[in-house]
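# An overview of the molecular structure
These are the residues of each chain, in order.
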Amino acid sequence: MNDGFERFDMRKPPINCRAFLKPIIWAGCFPGLLAHGTKIHKEGVEGLKPPYLLLGNHNAFFDMKVSAMATFPYFANYIVAIDGFIGREGLLRNIGCICKRKFTNDILLVKHLKTVVKNKGIIGLYPEARYSLCGTTAVLPESLGQLCKYLNVPVVMIKCHGHHINHPFWNTRRERKVKPTEAEMKLLFTVKDLEGMSAEEINTVLLKEFQYDDFCWQLENKVKVDDPDRAHGLEKVLYQCPACGREYRMEGRGTRLKCTSCGKEWEMTEYGQLEALEGDTIFSHIPDWYEWERANVRKEVEAGTYSTGELQVTVESLPNAKKFIKLGSGTMVHDMNGFRVRITGEDGKVYEMVKDVPSMYSCHIEYEYLFKHGDCVDLNTLEDTWYTYPQGSDFSVTKMALATEELYQDYFRKKGKPKPEGLA
Ligand SMILES: [Zn+2]
């Protein structure tokens, strides 16, 4: 888009973290790990020296702090979304971060990763590319296996447990002081392993290793969360009532989740389970409820009926890492053809963003973004990010995210090229 805004320079190659910043980072990370009593279990990584690829599951910012301690005395070059850079581009570049716009194909990024390898660094990558919505594994890009082969360095995984429970994406207002939390750091592939494997075989292992469920972990480890507002915001992810089927009428307040349409109510226990106040609980495990919603969206997609209808939206843009710019307001439709946003800018010009189904395998959303705005869908081109805020209450950005994934899978199934389960 030629709108006259200065663009973030994606071409600048990454550098290794400046030596003087390392102690400052570690000093900043340590208190958090101490407060959470974080245990890091290591397997096969003793004596491992960079370069290597570090893959992490992604639930909260705390993931990066744990990872920074786990890789000590080295510090990884993390791939970070542009909104993480707002107002602090200099700092992030100096600690070696690499900027990417979410869910875009980016050849330049691969080139930057090769530079990290050449600099004998660690590539810190969160392949789920967003925080998990309900503490379970998000879809992984099919290109990951190929990337491992191409980089030709050992592949290490760091899988954290308890970070979603502590700071769930659907309510990030405050942490729940979960203690202890755990992380497993494990060598998945040596260079020799990679040489003997196909990209598909690598993906199969990655998929298996990436499985996690923070609510299961909480229950199994009897990790108590007694926060009196622990169910607040849960309606963001559990937007459909399993009792009456109605969407967008759930309400999480205090320790309870309620459907304001049929009146059914659940208590969220201190161990993260749901219990109906009356009658059948239907889903006690939050991820099961979420997967039921996904199955309903899939049915709409397969029937060809999925559509949000026309929603009124306001759009803010992030052409560079300095600040958001109010772009304008207009309409958005998400349906069987993907996303179409059409707005009239403050300058009177009409802007349009069209993201068709095969161009997005998943979609980044935000709840109560920066606590100033509402829920939004974040749509990206290689040059721009549109934070699109639907108005009113008859929509769910969670449903749009699920639909994006289901539409993508459906598209490839219909082409006779189905994606393996869990990959896109
Ligand atoms: Zn209901």
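Treat the numbers as computed from the prediction; the structure is a model and nothing was measured.

Conventions and cut-offs
- Residues numbered from 1 in each chain as written.
- Predicted model: local features only at pLDDT ≥ 70, side-chain atom pairs only at ≥ 80, totals over all residues.
- Pairing = 2+ DSSP bridges.
- Helix = DSSP H or I, 4+ residues; strand = E, 2+ residues; numbered from the N terminus.
- Axes fitted to C-alpha atoms, helices over the stretch in contact; angles between N-to-C directions.
- Buried ≥ 20, exposed ≤ 12 C-beta atoms within 10 Å, placed from the backbone.
- Contact = placed C-beta atoms within 7 Å.
- Core = buried A, V, L, I, M, F, W, Y, C linked by C-beta atoms within 7 Å.
- Domains from an automatic or database assignment.
- Nonpolar A, V, L, I, M, F, W, Y, C, P; charged D, E, K, R; others polar.
- Parallel < 35°, antiparallel > 145°, perpendicular 65-115°, else oblique.
- Left-handed = near helix turned anticlockwise from the far one by under 90°.

## A closer look at the sheet that holds strand β8 (residues 250-253)
Taken together, four strands build an open sheet; the order of strands is β8-β9-β10-β11 and the sheet is antiparallel. Whereas interior strands pair on both sides, the edge strands pair on one side only; in this sheet they are β8 and β11 (274-276). Ignoring strand direction, the axes of neighbouring strands in this sheet form an average angle of 25 degrees. Looking at chain direction, strand β9 (residues 256-259) and strand β10 (residues 265-268) are connected through three bridges and run antiparallel. Its bridge partner being in β10, L257 is matched across the sheet by W266.

## Quick notes on the pairing of strand β15 (residues 350-355)
In terms of strand pairing, strand β14 (residues 338-345) meets β15 through six bridges, oriented antiparallel. When the sheet's bridge partners are listed, T344 is paired in β15 with V350.

## Focus: the environment of P141
The topology assignment puts P141 in the loop between β5 (122-125) and α5 (143-151). Look at P141 and you get partly exposed, because 18 C-beta atoms sit within 10 Å. Taking C-alpha positions, P141 is 34 Å from E270, a pair spaced 129 residues apart along the chain. Residues contacting P141, with those up to four places away along its chain left out, are P127, Y361 and A424.

## A few points about the nonpolar core
Within the largest apolar cluster, 102 residues are counted, with the highest numbers of intra-cluster contacts made by L53, L54, C148, L238 and V341. Sorting elements by how many residues they give to this core places helix α11 (residues 397-414) first, with seven residues. Setting aside chain neighbours within four positions, we find L53 in contact with I123, L125, C148, L151, V153, V155 and V156.

## Comments concerning the pairing of β8
Residues M250 and G252 point to one face of β8 and are all buried, whereas E251 and R253, pointing to the other face, are not buried. In terms of strand pairing, β8 meets β9 through four bridges, oriented antiparallel. Across the sheet, M250 pairs through a bridge with C259, a residue of β9. Two successive antiparallel strands, β8 and β9, enclose a turn made up of two residues, where G254 displays a positive phi of approximately 60 degrees.

## Points about the domain arrangement of the protein chain
Domain parsing of the protein chain yields domain 1 (21-220), domain 2 (234-303) and domain 3 (311-414). One C-alpha centre belongs to domain 2, the other to domain 3, and the line joining them spans 25 Å. If you look at the interface, domain 2 gives 11 residues, while domain 3 gives 12 residues. When grouped by side-chain class, the residues that make up the side of domain 2 that touches domain 3 number five nonpolar, no polar and six charged.

## Some thoughts on the packing of helix α10 (residues 286-303) against α11
Between α10 and α11, the least distance of the axes is 9 Å, while the angle of their chain directions is 50 degrees. By the angle between their axes, α10 is oblique relative to α11. Crossing geometry of α10 relative to α11 is assigned as right-handed. Residue-level contacts link E293, R294, V297, R298, V301 and E302 of α10 to K399, L402, A403, E406, L407 and D410 of α11. The residue inventory of the contact of α10 with α11, partitioned by class, reads five nonpolar, no polar and seven charged.

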